[in-house]
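Here are the chains, one letter per residue:
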Amino acid sequence: EQILDRNILIIQIINDKSYINKIKMSKLFTNSLKSLINNYNSNIFLVGKDGRIKKMYDDYFSFKEIFNDIDSMPMRKKEIIKNGKLNKWKKLLLL
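What this report covers is the structure whose coordinates are included nearby. (Residues numbered from 1 in each chain as written. Predicted model: local features only at pLDDT ≥ 70, side-chain atom pairs only at ≥ 80, totals over all residues. Heavy atoms only, no water.)

A closer look at helix H3 (residues 63-71)
- Among the residues of H3, Ile-66, Phe-67, Asp-69, Ile-70 and Asp-71 are the ones counted as buried.
- Summarising the contacts, the buried residues of H3 are in contact with helix H1 (2-5), strand E4 (44-47), strand E5 (53-57) and helix H4 (74-82). (Buried < 20%, exposed > 50% of the residue type's maximum accessible area, 1.4 Å probe, protein only. Helix = DSSP H or I, 4+ residues; strand = E, 2+ residues; numbered from the N terminus. Contact = heavy atoms within 4.5 Å.)

This is the structure in structure tokens:
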């Protein structure tokens with residue numbers, strides 16, 4: 001539920017093929033993705049809706065850490081407030 005609530009897509013590269021939520025992507029997409037991440041020594045990336053890498057994680061990450069990072073982003077804070085997921089006092093703290 002927390003993954004769906006945050007609109008997270010799981011993107012994988014396996015044997016020179018890429019998948020988004022287990023759906024195979026085109027070779028062009030795969031090559032673009034590989035060129036984006038090739039310069040980094042990480043396997044797990046948080047990519048914003050703008051297509052930029054926001055943070056990298058090592059292999060021993062926790063979803064709680066990723067959720068906290070996402071929830072600290074300005075766009076996510078606005079989504080939380082818009083969807084009424086916080087009470088009035090927490091809304092004031094986010095702004």
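That shown, we press on.
A word on the pairing of E4
- What you see with E4 is a clean split: Ile-44 and Leu-46 sit on the buried side and Phe-45 and Val-47 on the side with no burial.
- Both E4 and E5 contribute to a ladder of 4 bridges, which runs antiparallel. Within E5, the position partnered with Leu-46 by the bridge is Lys-55.
- The antiparallel pairing of E4 with E5 creates a hairpin that spans 5 residues between the two strands, and Gly-51 there sits at a positive phi of about 85°. (Pairing = 2+ DSSP bridges.)

Some points on the nonpolar core
- In this structure, Ile-44, Leu-46, Tyr-57, Ile-66 and Ile-70 together form the largest nonpolar core, which totals 5 residues.
- Broken down by secondary-structure element, the contributors of at least two residues to this core are E4 and H3.
- Residues within four places of Ile-66 in sequence aside, it is in contact with Leu-46, Tyr-57 and Phe-61. (Core = buried A, V, L, I, M, F, W, Y, C linked by side-chain atoms within 4.5 Å.)

Some words on the environment of Lys-64
- Within the fold, Lys-64 resides in helix H3.
- Judged by relative accessible area, Lys-64 falls into the exposed class, the value being 61%.
- Each C-alpha atom of the pair Lys-64 and Gln-2 lies 9.7 Å from the other, and the pair is 62 residues apart in sequence.

A look at the packing of aromatic side chains
- Within this structure, the stated rule accounts for 2 aromatic pairs.
- Summarising the aromatic geometry, the rings of Phe-61 and Phe-63 are spaced 5.3 Å apart at their centres and angled 75° between planes, so their arrangement reads as edge-to-face.
- The class for Phe-63 is partly exposed, based on a relative accessible area of 42%.
- Three or more aromatic residues link up through ring pairs in this structure, and these residues are Phe-61, Phe-63 and Phe-67.
- The ring of Phe-67 has Arg-6 lying over it, and the distance from NZ or CZ to the ring centre is 4.3 Å. (Phe/Tyr/Trp six-rings, centres within 6.5 Å; stacked < 30°, edge-to-face > 60°. Lys NZ or Arg CZ within 6 Å of the ring centre and 35° of its normal.)

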